[in-house]
Amino acid sequence: GASGKAVSMNEEIGADPGDRIVGILTPGEGNVVYPIGAEALTEFEDLSDEWLDLRWDLAPQSNERFPAKIDVIAVNAPGTLARVSDIIGAADANITILFMSPQDTNLTRLVFGVEVWDLKHLSRLLRDIRVLDVVTTVERSMG
């Protein structure tokens, strides 16, 4: 770890190889890693001169997946969840958690916790979901 302190991932937000990442020294936890753009970083803005600029150092053939959250607004209709889930599975990503909440009578919000190989993998996954005719919007959630 950096300066002999532990480095750990913020599991709720996640960061993926390819993201620009920073470490925030957190009492009792060491440096906690966040991707640049994470909403949680706003609470550390006054300490930004103490942020530790980090870089990924992975073995070329790493078999480790990394967490990310995907926020989807889709048509509230039979088969919508199955179609989005099928795309995620076909893209070799793993669904770890799912939250669903109706937005109105026609739309529903699907927030997927997924595991992906890296930022390119996540970007391809977002693109593949975006082309579904039942999907209104899809984006990576950094909150």
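Before any of the text, the structure's been laid out above.
Residues numbered from 1 in each chain as written. Predicted model: local features only at pLDDT ≥ 70, side-chain atom pairs only at ≥ 80, totals over all residues. Heavy atoms only, no water.

Participant: Any details on the sheet that holds strand β7 (residues 107-116)? Residues and values, ideally.
Facilitator: Across a sheet, strands are paired by hydrogen bonds formed along the backbone, either parallel or antiparallel in direction. Spatial strand order, β6-β7-β5-β8: four strands in an open sheet with antiparallel pairing. Strand pairing shows two members of the sheet lacking a second neighbour, β6 (94-102) and β8 (135-141), which therefore form its edges. Within this sheet the neighbouring strands show an average axis-to-axis angle of 20 degrees, counted without direction. Note: strand β5 (residues 66-75) against β8, six bridges, orientation antiparallel. Looking at the pairing, D71 lines up with E139 of β8. Each of β5, β6, β7 and β8 is contacted by helix α1 (residues 80-90), which is oriented at about 20 degrees to β7, the strand it contacts most. Where helix α2 (residues 119-130) meets the sheet, its contacts fall on β5, β7 and β8, and the angle it forms with β8 comes to roughly 165 degrees. (Pairing = 2+ DSSP bridges. Helix = DSSP H or I, 4+ residues; strand = E, 2+ residues; numbered from the N terminus. Axes fitted to C-alpha atoms, helices over the stretch in contact; angles between N-to-C directions. Contact = heavy atoms within 4.5 Å.)

Participant: Help me get a handle on α1, residues and values and all.
Facilitator: Taken as a whole, α1 has its buried residues at T80, V84 and I88. Viewed along the axis of α1, the buried residues span an arc of 65 degrees, placing them on a single side of the element. Across α1 from its buried face, at more than 90 degrees, point the exposed residues D86 and A90. Close packing links the buried residues of α1 with β5, β6, β7, α2 and β8. D92 occupies a position one or two residues after α1 and carries a positive phi of about 65 degrees. (Buried < 20%, exposed > 50% of the residue type's maximum accessible area, 1.4 Å probe, protein only. Arc of directions from axis to C-beta.)

Participant: Which residues make up a negative patch on the surface, and what values go with them?
Facilitator: A cluster of acidic residues, E45, D46, D49 and E50, forms a negative patch at the surface. Take E45: it is sitting in the loop between β3 (30-35) and β4 (52-54). (Patch = residues over 30% accessible without salt bridge, like charges linked within 9 Å, V, L, I, M, F, W, Y side chains within 5 Å. Areas by Shrake-Rupley, 256 points an atom, 1.4 Å probe, with all protein chains shown as cover. Salt bridge = Lys/Arg side-chain N within 4 Å of Asp/Glu carboxyl O. Lys, Arg positive; Asp, Glu negative; His and termini not counted. Charge placed at Lys NZ, Arg CZ, Asp CG, Glu CD.)

Participant: Explain the pairing of β7 to me, and be specific about the residues and the numbers.
Facilitator: Counting buried positions along β7 yields seven of 10 residues, so the element is predominantly enclosed. Bridging between β5 and β7 involves 10 bridges; their strand directions are antiparallel. Bridge pairing in β7 places K69 opposite G113. Bridge analysis of β6 against β7 gives eight bridges, and the strand direction is antiparallel. The residue of β7 that forms the bridge with S101 is R109. Hairpin geometry of β6 and β7 is characterised by an intervening segment of four residues between the two adjacent antiparallel strands.

Participant: Describe the side chain of T80, naming the residues involved and giving the relevant values.
Facilitator: Within the secondary structure, T80 is located in helix α1. When near neighbours in sequence (up to four residues on either side) are disregarded, T80 contacts A74, V75 and V134.

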